[in-house]
Amino acid sequence: MRLTKFTDLALRSVMRLAVVRDGDDPLTTREVAEVMGVPYTHAAKAVTRLQHLGVVEARRGRGGGLALTGLGRRASVGWLVRELEGDAEVVACEDGPCPLRAACRLRAALRDAQEAFYAALDPLTVADLVASPTGPVLIGLSDRPSR
């Protein structure tokens, strides 16, 4: 199974936000974009979707920025990927006429495989993803002075 670039960016953004230390200034969407090496507009779309899911909180103004919510810290990676990817199936059987449609076993097998993929991610949390050695690497991606 392959994740969309959008989901990949959203997950990496959540991971980076998860390692912001107490006392550090919160990251802005622009800084997340720079750290991840993506255009600002891509990062902004991912952050907006994460806000709608209740995973990220954005505060405007001086001292504002992005923060992971309690849900964001506790969220199952499987749940997060399901929400970001949507409920689309691996194959799009409805996109055109298929001679196997009435007797196809492939579609069910792929659906089972997709669910097994998500189920493997279900026990993981964002905290698990940023445990050492990943967390220190994420912190080092943007060495910036505190305000």
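Everything discussed here concerns the structure shown above.
Residue numbering note: each chain is counted from 1, following its sequence as written. It should be noted that, the model being predicted, local features are given only for residues of pLDDT at least 70 and side-chain atom pairs only at 80 or more, the latter also being counted only at that level, while totals for whole chains, interfaces and linings use all residues. For the side-chain quantities, the full set of heavy atoms in the structure was used; hydrogens and water were omitted.

Caption draft 1: Looking closely at the overall build of the protein. Elements are defined by DSSP. Helices are runs of H or I of four residues or more, strands are runs of E of two residues or more, and each kind is numbered from the N terminus. In terms of helices and strands, the protein carries eight helices and two strands. We call two residues contacting when some pair of their heavy atoms lies within 4.5 Å. The contacts in the protein between residues at least 6 apart in sequence include a share of 69% that link residues at least 24 apart. Computed by Shrake-Rupley with a 1.4 Å probe, the accessible areas treat only the displayed protein chains as cover when residues are assessed. Carbon and sulfur atoms form 55% of the exposed surface of the protein, whose accessible area is close to 9000 Å².

Caption draft 2: View of the pairing of strand β2 (residues 65-68). Being paired, for any two strands, means DSSP has found at least two bridges between them. In terms of strand pairing, strand β1 (residues 56-59) meets β2 through four bridges, oriented antiparallel. When the bridges of β2 are listed, Arg-59 appears paired with Gly-65.

Caption draft 3: The nonpolar core, seen in detail. Within this scheme, the nonpolar core is defined by two criteria: the residues are buried Ala, Val, Leu, Ile, Met, Phe, Trp, Tyr or Cys, and they are joined through side-chain atoms within 4.5 Å. Whether a residue is buried, partly exposed or exposed follows from its accessible area with a 1.4 Å probe, protein chains only, as a fraction of its type maximum: under 20%, in between, or over 50%, in that order. Among the nonpolar cores identified, the biggest contains 29 residues, and Val-14, Leu-17, Leu-50, Val-55, Val-56, Leu-68 and Leu-80 are the most heavily contacted of them. Listed by contribution, the elements that provide at least two residues to this core are α1 (5-18), α2 (29-36), α3 (40-52), β2, α5 (77-85) and α6 (106-121). Looking at this core, the element that brings in the most residues is α1, giving seven residues. Excluding residues within four positions of it along the chain, Leu-80 makes contact with Leu-11, Val-14, Leu-50, Leu-53 and Val-55.

Caption draft 4: Layout of the packing of α1 against α2. Fitted lines through C-alpha atoms give the axes, limited to the stretch in contact for helices. The angle between two N-to-C directions lies from 0 to 180 degrees. Two elements in contact, α1 and α2, have axes separated by 11 Å at closest approach and are oriented at 110°. When the interaxial angle is binned, α1 and α2 end up roughly perpendicular. The handedness of the crossing between α1 and α2 comes out as right-handed. In this structure, α1 uses Leu-9, Arg-12, Ser-13, Arg-16 and Leu-17 to contact α2, whose residues at the interface are Val-32, Val-35 and Met-36. Note that the term roughly parallel is reserved for angles under 35 degrees, roughly antiparallel for angles over 145, roughly perpendicular for angles of 65 to 115, and oblique for everything else. The handedness criterion is simple: a crossing whose near helix is rotated anticlockwise from the far helix by less than a right angle is left-handed, and one whose near helix is rotated clockwise is right-handed.

Caption draft 5: Summary view of the environment of Ala-75. On the secondary structure map, Ala-75 appears in the loop between α4 (70-74) and α5. Remark: the alpha-carbon pair of Ala-75 and Leu-124, spanning 49 residues in sequence, is separated by 8.4 Å.

Caption draft 6: Main features of the layout of surface pockets. Any residue with an atom within 4 Å of a point lines the site, the site being either a cavity, points on a 1 Å grid over the protein atoms alone where a 1.4 Å probe fits but cannot get out, or a pocket, an open set with protein on both sides within 12 Å along at least 5 of 7 lines. Grid points are joined across faces, edges and corners, and a volume is the space filled by probe spheres set on the points. One number sums up the size of the largest pocket: a volume of about 300 Å³. As for the largest pocket, its lining consists of 15 residues, of which Thr-29, Ala-58, Arg-59, Arg-60 and Leu-66 are closest to the centre. Breaking the lining of the largest pocket down by element, the ones donating at least two residues are α2, α3, β1 and β2. Among the elements that take part in the lining of the largest pocket, α3 stands out by supplying five residues, more than any other. Residues are grouped as follows: nonpolar covers Ala, Val, Leu, Ile, Met, Phe, Trp, Tyr, Cys and Pro; charged covers Asp, Glu, Lys and Arg; every other residue, Gly included, is treated as polar. Of the residues that constitute the lining of the largest pocket, the class distribution is five nonpolar, seven polar and three charged.

Caption draft 7: Structural context of the pattern of salt bridges. By convention in these notes, a salt bridge is any Lys or Arg side-chain nitrogen within 4 Å of a carboxyl oxygen on Asp or Glu. Applying the stated criterion across every chain, the model contains four salt bridges. Between Asp-8 and Arg-12 there is a salt bridge, and its shortest N-O distance comes to 3.2 Å. Taken as a pair, Asp-8 and Arg-12 lie in helix α1 at a separation of four residues, close to a single helical turn. Residue classification places Asp-8 among the partly exposed positions, given a relative accessible area of 34%.

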